[in-house]
Amino acid sequence: MPPPFTSRKALLSPLRPMKPLFRDTLQVALVKEAELRKQLSEGKNVGYSIDTPTEAEQASGLFNCTTFIVEVLEEAGYPVERPLQAGGVQARLRDFINIEADDPDHLVLPELHAARDSQKKGMLTALVDQEDPRIKGVVTGMVGLHLGSEVTDRDALRPGDMLQTWTRVGSGSWRGHCTQVREIQAKNHQGDYVIFDENTTPREQVLTDLLLRQHGSHLPLGRSFSDADKNADILGLSVYTRDLVSLPHQRGQGDELHWYAVRPVGSDWPL
């Protein structure tokens, strides 16, 4: 005999919309790294491109930091073609991540595109100094489309969070980089040393003295931007995890480094 019916209210309640399912972006990024390593071992041209690579160039193994993050998000199911408005412009998520890409139909910094070459460095420096929302790249894009939550405290960073950083270089100008947190090394509230990475079960934990490793597309090991000036495409594996670094405690503060971070909605880490 079936149990007595006691939940008519539940039966009549409207169905809640299902939360979109996204793949874990860090796992996607690590699989892509393995694929690129395989291509390199097979003698294919894999490397870093200073100029924003086209989709065809990306398919052949050329990336820069932002196009790698765009492709990771796309493979994880995020709508990189979806438009949003921020900082007085409308562009797609992929454009906000790429920031300085100069596709005339999708400009995030149109004033930079229109300026003379001699003016561009000074204009970009001013935008970073002023913390214009557009220079936050992936953070502005993901938060603006409700696809992620901003992380503003260094000690709250976790594996899978995406970073847009700006490092001050010799002339006082800024050099941008877009990566993903691969590993966290820190102390918990009991003073124990902990390491969090893609294999750690996400859980609430208060951390201090945090250091992190960034994963993404970087200049190949042993190569410099002076090398890139001689050849826009620097061949050799460019997708890997960099050494431990420390960030200023609060985002956007510090004379030599500004950082902004976002936790994708598909992350299992609590925020």
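The coordinates are above.
What comes next concerns the included structure. What you are looking at is a predicted structure, and each value in this text was computed from that prediction instead of being measured.

Observations concerning the overall build of the protein chain
When helices and strands are tallied, the protein chain shows nine helices and 12 strands. Whereas a compact globule of 271 residues would reach a radius of gyration of roughly 18 Å, the protein chain reaches 21 Å, a difference of no more than 12%. Partitioning the contacts of the protein chain with sequence separation of at least 6, the portion at a separation of at least 24 is 64%.

Examining the pattern of salt bridges
All told, the structure shown has 19 salt bridges when counted by the stated rule. Two residues, glutamate 71 and lysine 32, come together in a salt bridge whose shortest N-O distance is 2.9 Å. Taken as a pair, glutamate 71 in helix H4 (residues 65-75) and lysine 32 in helix H2 (residues 25-41) lie far apart in primary sequence, 39 residues in all. Just as glutamate 71 is buried, lysine 32 falls in that class too. Here arginine 168 ties to aspartate 129 by a salt bridge, and the two come within 3.7 Å at their closest N and O atoms. A residue pair is termed long-range when its members are at least 10 positions apart, and arginine 168 in strand E6 (residues 162-168) and aspartate 129 in helix H7 (residues 117-129) qualify at 39 residues.

As for unusual backbone geometry
Positive phi values are uncommon outside glycine, yet isoleucine 99 reaches one of about 55 degrees. Mapped onto the elements, isoleucine 99 comes out in the loop between helix H5 (93-98) and helix H6 (110-114). Here the phi dihedral of glutamate 131 falls at roughly 55 degrees; this positive angle occurs in a residue that is not glycine.

Points about the environment of leucine 30
Structurally, leucine 30 can be placed in helix H2. Leucine 30 sits 210 residues away from tyrosine 240 along the chain, and the two C-alpha atoms are 8.6 Å apart. Among all residues touching leucine 30, those that are not within four sequence positions of it are Arg182, Glu198 and His215.

Description of H4
The buried fraction of H4 is high, at nine of 11 residues. Taken together, the buried positions of H4 are Cys65, Thr66, Thr67, Phe68, Ile69, Val70, Glu71, Val72 and Leu73. Directly beyond the C-terminal end of H4, a positive phi value near 100 degrees is found at glycine 77.

Thoughts on the nonpolar core
Among the nonpolar cores identified, the biggest contains 47 residues, and Leu73, Ile97, Val138, Met142 and Trp166 are the most heavily contacted of them. No other element matches H4, which puts six residues into this core. Leaving out residues up to four positions away in the same chain, tryptophan 166 has contacts with Ile99, Glu100, Leu124, Val128, Ile135, Trp174, Arg175, Gly176, Glu256, Leu257, His258 and Tyr260. Counting residues in hydrophobic clusters, the runner-up holds 16 residues, among them Val151, Leu157, Leu210 and Ala261.

What counts as what
Residues numbered from 1 in each chain as written. Predicted model: local features only at pLDDT ≥ 70, side-chain atom pairs only at ≥ 80, totals over all residues. Heavy atoms only, no water. Helix = DSSP H or I, 4+ residues; strand = E, 2+ residues; numbered from the N terminus. Rg over C-alpha atoms; globule rule 2.2 N^0.38 Å. Contact = heavy atoms within 4.5 Å. Salt bridge = Lys/Arg side-chain N within 4 Å of Asp/Glu carboxyl O. Buried < 20%, exposed > 50% of the residue type's maximum accessible area, 1.4 Å probe, protein only. Core = buried A, V, L, I, M, F, W, Y, C linked by side-chain atoms within 4.5 Å.

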